[in-house]
Amino acid sequence: MDARTFTLAAEGVSYRAGGRWLVRDVSVAVGPGEVVGIIGPNGAGKSTLARLLAGLLRPASGRIRFEVEGAAMTGQQVARHLAYVPQSIPDGVGFTAGEMVLMGRYPHRGAFARETREDRAAAARAMGWMGVLKLAERRFSSLSGGERQRVMVARALAQATSLCILDEPTASLDVRHQLELLARLRQLADDGMGFVVVLHDLELAGRWCDRLLLLDRGSPAAAGVPREVLDAAVLGRVYGLDARVCGDGEGSLRIDFRLRGEMDPGRRTTEAR
C-alpha cells in the first residue's frame, strides 16, 4: 500500500443546480486510515457531495483540496490516487469483468499502452479482495447487479492508491456481501487508505465508519463520531420519524424508527384480543 500522506478536504462547499441549492456550506475531510460516512434521507445531497469530492462537479462556493504530501498534481496524477464509484453501474457491453477492472489501471499506464504485469497483479489483487476473481472471464453484462457492484468497487481499488469515494456501494448487495465489503474497506483503511462512503443503512454506518456527516436538505445536520451523530433527537428531526438508539454492548448501535404516532406493536396485539 502507498505510504504517502494525503488529505481530501471540502471547506464551506455549496452547489446549486436547477434553481436550488443541493449542497449548502458543507465541510468534511478524510485522510489515511479513515472511513468517513455520508448519511441522510433521500434528496439530502449525499450523491452530489460525493461527486463534488470526486472532482466531477465544480462548487459554486467554497473549495475542495486533494493533496498528496502537500503537492499539487495533474489530473492524471490525481486519478492514480483517487477513485470514484457511482450509484449507477455501466452496462460494460462487450467487456469481461476482468477487463472492466483492468480499466482502472489506465491512469497508471495511459489508455493506449498495453497492461503490464503490475497492472494485471493489481487487478487480480483487487478482484480477490472483492471475491470476484472467479468472475474474471464472465461478460460484465451477464452478471447480477450485486456482482457488477463488487466488480466496480474492485476496479476502483485497482486504480486508487490513496482514496476511494463510493456512492451507496452496498445498495445492490445482500447482507453477507455488505458486511464483507465494509470489512474489506476497514482492513484497507487500517493499511493506510482512506474512504468516503455514502450509506443509507445507519446501523452499518455506525458500525464501520470512523466519522459521519449527516446531511439534511443539503446542509450539515451533525458531524463527528457515530455515537454523537446517531442521536435519537437529531435523527428524529432529520428523518421526520420517532427514533430510538441503543447500544448492543459490543460497540454497535441499534436504531429503531417509527412513523410518528404509530401504535406500539405489543399494544396493538393486546387491543385486538
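Throughout what follows, the structure given in this document is the object of discussion. (Residues numbered from 1 in each chain as written. Predicted model: local features only at pLDDT ≥ 70, side-chain atom pairs only at ≥ 80, totals over all residues. Heavy atoms only, no water.)

Okay, the sheet that holds strand E5 (residues 82-85) next. With mixed pairing, the 6 strands of this open sheet are ordered in space as E5-E6-E7-E3-E8-E9. Strands at the two margins of the open sheet, each flanked by one partner only, are E5 and strand E9 (219-224). Strand-to-strand twist of the sheet, defined as the mean angle between neighbouring strand axes without regard to direction, takes the value 15°. Contacting E5, strand E6 (163-167) and strand E7 (194-198), helix H6 (residues 145-159) runs over the sheet at an angle of about 170° to E5. Across the sheet, helix H7 (residues 175-190) lies against strand E3 (35-39), E6 and E7, angled at about 150° from E7, the strand it touches most. (Pairing = 2+ DSSP bridges. Helix = DSSP H or I, 4+ residues; strand = E, 2+ residues; numbered from the N terminus. Axes fitted to C-alpha atoms, helices over the stretch in contact; angles between N-to-C directions. Contact = heavy atoms within 4.5 Å.)

Scanning the model with the defined rule gives 13 salt bridges in all. A salt bridge links Arg65 to Glu67; the nearest nitrogen and oxygen atoms lie 3.6 Å apart. The exposure class assigned to Glu67 is partly exposed, which follows from its relative accessible area of 29%. Notably, a salt bridge pairs Arg109 with Asp119, separated by 3.7 Å at the nearest N-O pair. (Salt bridge = Lys/Arg side-chain N within 4 Å of Asp/Glu carboxyl O. Buried < 20%, exposed > 50% of the residue type's maximum accessible area, 1.4 Å probe, protein only.)

In this section: the side chain of Asp167. Among the secondary structure elements, Asp167 is positioned in strand E6. Only 2.7 Å separates the side chain of Asp167 from the side chain of Ser47, close enough to count as a polar contact. Side-chain polar atoms of Asp167 contact the side chain of Gln87, separated by 3.5 Å. The residues contacting Asp167, other than those within four sequence positions of it, are Ser47, Tyr84, Val85, Pro86, Gln87 and Val198. (Polar contact = N/O pair within 3.5 Å; in protein donor to acceptor, adjacent residues only side chain to side chain.)

The 3 strands lie next to each other as E2-E1-E4, forming an open sheet whose pairing is antiparallel. Both edges of this open sheet fall to strand E2 (20-30) and strand E4 (61-68), since each of them pairs with a single strand only. In this sheet, adjacent strand axes meet at a mean angle of 15° when their direction is disregarded. The pairing of strand E1 (residues 6-17) with E4 spans 7 bridges and is antiparallel. Residue pairing in the sheet places Phe6 in a bridge with Val68 of E4. Along the sheet face, helix H1 (residues 46-53) touches E1, E2 and E4 and points at about 55° away from the line of E2.

This part takes up the packing of helix H5 (residues 117-129) against H6. When two helices pack together, you describe them by how their axes are tilted relative to each other and by the distance separating the axes. Two numbers describe how H5 lies on H6: the axes approach to 8 Å, and their chain directions differ by 135°. Viewed along their axes, H5 and H6 adopt a mutual orientation that is oblique. Crossing handedness for the pair H5 and H6: right-handed. Residues Ala122, Ala123, Ala126, Met127 and Trp129 of H5 touch H6, and the partners they reach there are Ala154, Leu157 and Ala158. Among the residues forming the contact of H5 with H6, the class breakdown is 8 nonpolar, no polar and no charged. (Parallel < 35°, antiparallel > 145°, perpendicular 65-115°, else oblique. Left-handed = near helix turned anticlockwise from the far one by under 90°. Nonpolar A, V, L, I, M, F, W, Y, C, P; charged D, E, K, R; others polar.)

This part covers the nonpolar core. Of all hydrophobic cores here, the largest spans 53 residues; its most connected members are Cys164 and Phe195. If you tally residues by element for this core, the top one is H6, at 7 residues. Setting aside chain neighbours within four positions, we find Phe195 in contact with Val30, Glu34, Val35, Val36, Leu157, Leu163, Cys164, Leu166, Leu185, Leu188 and Ala189. Formed by 28 residues, the second largest nonpolar core is a distinct cluster that contains Val28, Ile38, Ala50 and Leu215. (Core = buried A, V, L, I, M, F, W, Y, C linked by side-chain atoms within 4.5 Å.)

With that settled, the discussion passes to the packing of aromatic side chains. Applying the stated criterion across every chain yields a total of 2 aromatic pairs. Ring geometry for Phe6 versus Phe66: centroids 6.4 Å apart, planes at 50°, classification tilted. Placement of the pair is Phe6 in strand E1 and Phe66 in strand E4, with a sequence separation of 60 residues. Classification of Phe6 as buried rests on a relative accessible area of 3%. Classification of Phe66 as buried rests on a relative accessible area of 15%. Residues Tyr239 and Phe257 carry aromatic rings whose centres are separated by 5.4 Å and whose planes lie at 45° to one another, so their mutual orientation is tilted. Of this pair, Tyr239 sits in helix H10 (residues 232-239) while Phe257 sits in strand E11 (residues 253-258), and the two are 18 residues apart along the sequence. (Phe/Tyr/Trp six-rings, centres within 6.5 Å; stacked < 30°, edge-to-face > 60°.)

Keep in mind these numbers describe shape, not what the thing actually does.
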